[in-house]
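Descriptive analysis of the structure
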Amino acid sequence: MKEVGKSYLNELNDVQRQAALCIDGPVMVIAGPGSGKTRVLTYRIAHMIHSGINPGQILSLTFTNKAAREMKDRIEKVVGTKAHRVWAGTFHSIFAKILRVEAHRLGYPNDFTIYDTDDTKSVLAEIIKHLNLDKKVYAPGLVRARISAAKSNLITPKAYASNDELMAYDRMNRRPMIHVIYEKYVAKCKRAGAMDFDDLLLQMFRLLYQNPDNTREKYQNQFKYLLVDEFQDTNYLQYEILKLLTVYPGSQQNICIVGDDAQSIYSFRGATIENILHFETDFPDLKTFKLEQNYRSTQFIVDAANEVINHNKKQIHKKIWTDKSDGNKIKVIKTMTETEEGKRVADTIIEQKNRFNLSNRDIAILYRTNGQSRVFEEQLRKYNIPYRVYGGLSFYSRKEIKDLIAYLRLTVNDKDDEALKRIINYPRRGIGDTTLDQLSSIANDNELSMWEVLNSVSLNGRNKKSLGDFVNLIRAFKQKAATSDAYEIASYIYRNSGIEKLLKEDKSPEGEGRIENVISLLDGIQEFVQEDEVVDGEPLSTDRSLSAYLQSISLMTDADEKETDPDYVTLMSVHAAKGLEFKSVFVVGLEENLFPSYQSLMESNSVDEERRLFYVAITRAEEYLCLTYANSRYQYGQTRFNDPSRFLEEISEHNLDTLITISKKPSFAEPKILGNFKPLNSRKPAISINPADFVASNPTDIKPGMEVIHLKFGQGKVLTVDERLVATIMFDGLSDAPEKRIMLQFAKLQIVE
DNA sequence: GGGGGCTATGGGGGG
DNA sequence: CATAGCCCCC
């Protein structure tokens, strides 16, 4: 598309155009789902650049790297390669980039390590152990959450200890030592030259607030124009950083925030909608725009979404509407088990592909928890439908990848104790737990890194050689790293650390998969080194060091990886789907205790957040929306029976397609046997099998020839019972393998009178 | 110090 | 059900 002048502005509606053109002073855009928010942001930036603003002065913060990359691509289509000069990225990645230049002013090395959640928990576990605290009471995950919340609210360890509310809360939960752990954790990270995810924000804040060498003015001048996407998901700390960058004498306050309170789904990591309210008072000259027209979805979907979200009381008033009047009603599928749910979804995908000529890439399956992906994967595989699972175990969290990366990390930053602990005995070199404990104790007591201990203290007999070999190995790597690019050193380490040899010993398919993964990691490093893009006559990046590479991947998630063949069905969590859209969307597992989640039902108010999450889920759909739930679900080693999700009832019937009740044999689903079938929109949620009504018969009473009901398999006839009380039963409802062997002592059978 | 097998425990979303 | 952690034995 060749653009002359500013004709791109014709592609915006009135409100969108006003929001895009209003580039001076504070602006707030409240943008409903599918309202063209990204389009506004894109054209706004394009317009800025067209108006002569230096792209390098524009800072555009998003929540995923993917969103940032998309935006850059779209800006590039309008303004050309100058788009690359825009600072666009996530809060974490942009700040990490800045801190790589500035960290030394705060007492960190510029090539600091970024600790992921696992590293953090491992550091905490060590501190908890060292303090002789019970690790069951001080569960690292819990402690991490407390510390993370403190950092996100700018509460230092000292402030934490003198904060009555926090201390009282910890005492009440019998964890009065959290503030001590917090203090030690901060010190230990600093000693290790490491920042956790929260530190990337916190240290950026310190850099601006404490202002060493006038860094505050430097970045205030650097970033004259700020844009923040998904503002409802920012936390207190992020907001304070934004204020430091924009609120100062003489500032033009060119900051544009875009958000939707109805799509706030990250309060668990400290996001607060309060920020929107504060924004209005902190920037009194604010101009507000509301984008209310939904261009994405058809009428039934928009209506349903409005119905659902209106159950939340606290909201910024807006009315989302669409002019796409025709469309398909929302399909609801109920199944007996989660396996059947997977099968029905796969069937429906085949049907949609044939009837509506959809490609795989038009289709997404969205779930509340990553663990739900498995059944859908199995069924899609059966039908040979290509799919891609996002989230869950990311490439970089695979063991073999983490192992090699740990070598790279230690080579770059020898103070990185977490990396050292991971590889000091991998591959095995006879350094066991005892030695490791001693090392870490000495390190803790003397406030040294383990590497420093290894290099200074003379260790006793038995391990002397293996420890010495390890030190020499890492020294050799460090020496090589000084003169090599990231790829050369990484492949050198792969070959010489013993990892290659170890992996090649394993001839199993899994083992070969691990080698492939490591090879593709090395390929990725090579790609990084060979990056040759030139913008405005300058190379995009010049730093090909290992350190630069590690930083580039540490904030990457699975969802950010490049597509090779783009025609896949997408499987992802609802959280990960935010900002995306698909022609056809399946939202699965709509059951109480799953969506809304069990945890959310325990805490007051958090059902509202689950509802917003559901709102996000259904508004991803353009034309076809299908909601599914299963009557029973195998969870945590047992069959659970959950009511249909309350959210289903919040959609009125005229937006829904006929409820499909699925069962191979109708008799299985007949109310007269199992009872309690009710239409979906009745006041009380439908409970197809109420476990409370089910009375298990005494195992010894069950004899061959009897008709029995099984909670999961339905009705069947007992064929035999053996001496160990194992019955063979022929179930009416099971077509594949109707004969099941049931252990009567677990009493899931009721005799039919 | 290493490895196998058993038990207890947890169990959400992500940068 | 998965995994971490523990115990026990080599």
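Coordinates for the structure precede this section.
Below: a short report on this structure. (Residues numbered from 1 in each chain as written. Chains lettered and ligands numbered in written order. Predicted model: local features only at pLDDT ≥ 70, side-chain atom pairs only at ≥ 80, totals over all residues. Heavy atoms only, no water.)

Some remarks on the overall build of chain A
- Check the secondary structure of chain A and you find 31 helices and 24 strands.
- Burial analysis of chain A (753 residues in total) assigns 52% to the buried set.
- A separation of at least 24 residues holds for 74% of the contacts in chain A among residues at least 6 apart in sequence. (Helix = DSSP H or I, 4+ residues; strand = E, 2+ residues; numbered from the N terminus. Buried < 20%, exposed > 50% of the residue type's maximum accessible area, 1.4 Å probe, protein only. Contact = heavy atoms within 4.5 Å.)

Let's talk about the sheet that holds strand β8 (residues 287–291)
- The 6 strands are arranged β3-β2-β6-β7-β1-β8 in an open sheet whose pairing can be described as parallel. Where the open sheet ends on each side, the last strands, each with one partner, are β3 (87–90) and β8. Mean inter-strand twist for the sheet, computed between neighbouring axes without regard to direction, equals 15°.
- Two strands pair when backbone bridges link them, and strand β1 (residues 27–31) and strand β7 (residues 255–259) are joined in this way by 4 bridges, in the parallel orientation. What sits directly across from Val29, in β7, is Val258.
- Along the sheet, helix α1 (residues 14–21) contacts β1 and β8; its crossing angle with β8, the most-contacted strand, is approximately 145°. (Pairing = 2+ DSSP bridges. Axes fitted to C-alpha atoms, helices over the stretch in contact; angles between N-to-C directions.)

Some points on the pattern of salt bridges
- Within this structure, the stated rule accounts for 42 salt bridges.
- One salt bridge connects Glu581 with Arg296, and the closest N-O pair in it is separated by 2.6 Å. Here Arg296 lies in the loop between β8 and α14 (299–309) and Glu581 lies in the loop between α26 (574–577) and β15 (582–587), a separation of 285 residues in the sequence.
- Judged by its relative accessible area of 41%, Glu581 is partly exposed.
- Judged by relative accessible area, which is 10%, Arg296 ranks as buried.
- The shortest N-O distance in the salt bridge between Glu418 and Lys421 comes to 3.4 Å. (Salt bridge = Lys/Arg side-chain N within 4 Å of Asp/Glu carboxyl O.)

Section: the environment of Arg144
- With respect to the helices and strands, Arg144 occurs in helix α6 (residues 140–152).
- For Arg144, a relative accessible area of 26% corresponds to the partly exposed category.
- As for Arg144 and Lys121, which are separated by 23 residues in sequence, their C-alpha atoms are 6.7 Å apart.
- Once residues lying within four places of it in the same chain are set aside, the contact partners of Arg144 are Thr117, Thr120, Lys121 and Leu124.

Concerning the packing of aromatic side chains
- Evaluation of the coordinates by the stated rule reveals 18 aromatic pairs.
- Centre to centre, the rings of Tyr219 and Phe223 are 6.0 Å apart; their planes meet at 25°, and the pair counts as stacked.
- Among the residues examined, Phe223 registers a relative accessible area of 2% and is labelled buried.
- Judged by centre distance (4.4 Å) and plane angle (20°), the rings of Phe356 and Tyr624 are stacked. In this pair, Phe356 is assigned in helix α15 (residues 338–356) and Tyr624 in strand β16 (residues 621–630), connecting sequence segments 268 residues apart.
- Here Tyr624 falls in the buried class, since its relative accessible area comes to 11%.
- Taken together, the ring pairs in this structure connect Phe231, Tyr239, Phe279 and Phe283 into an aromatic cluster. (Phe/Tyr/Trp six-rings, centres within 6.5 Å; stacked < 30°, edge-to-face > 60°.)

Here we look at helix α28 (residues 606–618)
- Over its 13 residues, α28 extends 19 Å from the first C-alpha to the last, a length consistent with the 18 Å expected when each residue adds 1.5 Å.
- Burial within α28 is extensive, with 12 of its 13 residues counted as buried.
- Restricting attention to buried positions, one finds in α28 the residues Ser606, Val607, Glu609, Glu610, Arg611, Arg612, Leu613, Phe614, Tyr615, Val616, Ala617 and Ile618. (Expected span 1.5 Å × (residues − 1).)

Comments concerning the nonpolar core
- In terms of nonpolar packing, the biggest core is built from 46 residues, with Ile424, Leu454, Leu521 and Tyr549 touching the most fellow members.
- Leu59, Met204, Val228 and Phe231 belong to the second largest nonpolar core, which has 43 residues in total. (Core = buried A, V, L, I, M, F, W, Y, C linked by side-chain atoms within 4.5 Å.)

Structural notes on the pairing of strand β20 (residues 707–710)
- For β20 and strand β21 (residues 714–721), the ladder comprises 4 bridges, and the chain directions are antiparallel. Considered in β21, the bridge of Ile709 is made with Gln715.
- Alignment of β20 against strand β24 (residues 749–751), held across 3 bridges, turns out to be antiparallel. Considered in β24, the bridge of Val708 is made with Ile751.

Quick notes on the side chain of Arg429
- Tracing the backbone through its elements, the reader meets Arg429 in the loop between α18 (417–423) and α19 (433–446).
- No salt bridge forms around the buried Arg429; measuring N to O, its nearest opposite-charge neighbour Asp469 is 7.5 Å away.
- Residues contacting Arg429, with those up to four places away along its chain left out, are Tyr407, Ile423, Ile424, Ser466, Phe470, Leu473 and Ser497. (Lys, Arg positive; Asp, Glu negative; His and termini not counted.)

Things to note about the pairing of strand β22 (residues 726–731)
- Burial of β22 is extensive: 5 of the 6 residues sit out of reach of the surface.
- Pairing of β21 with β22 involves 5 bridges; the strand directions are antiparallel. Of the residues in β22, the one forming a bridge with Val718 is Ile729.

A few points about the packing of α14 against α28
- In contact at an axis separation of 9 Å, α14 and α28 are set at 175° when each is read in the N-to-C sense. Between α14 and α28, the interaxial angle falls into the category roughly antiparallel. Contacts from Ile301, Ala304, Ala305, Val308 and Ile309 in α14 reach Arg611, Arg612, Phe614, Tyr615 and Ile618 in α28.
- A breakdown of the residues in the contact of α14 with α28 according to their chemical character gives 8 nonpolar, no polar and 2 charged. (Parallel < 35°, antiparallel > 145°, perpendicular 65-115°, else oblique. Nonpolar A, V, L, I, M, F, W, Y, C, P; charged D, E, K, R; others polar.)

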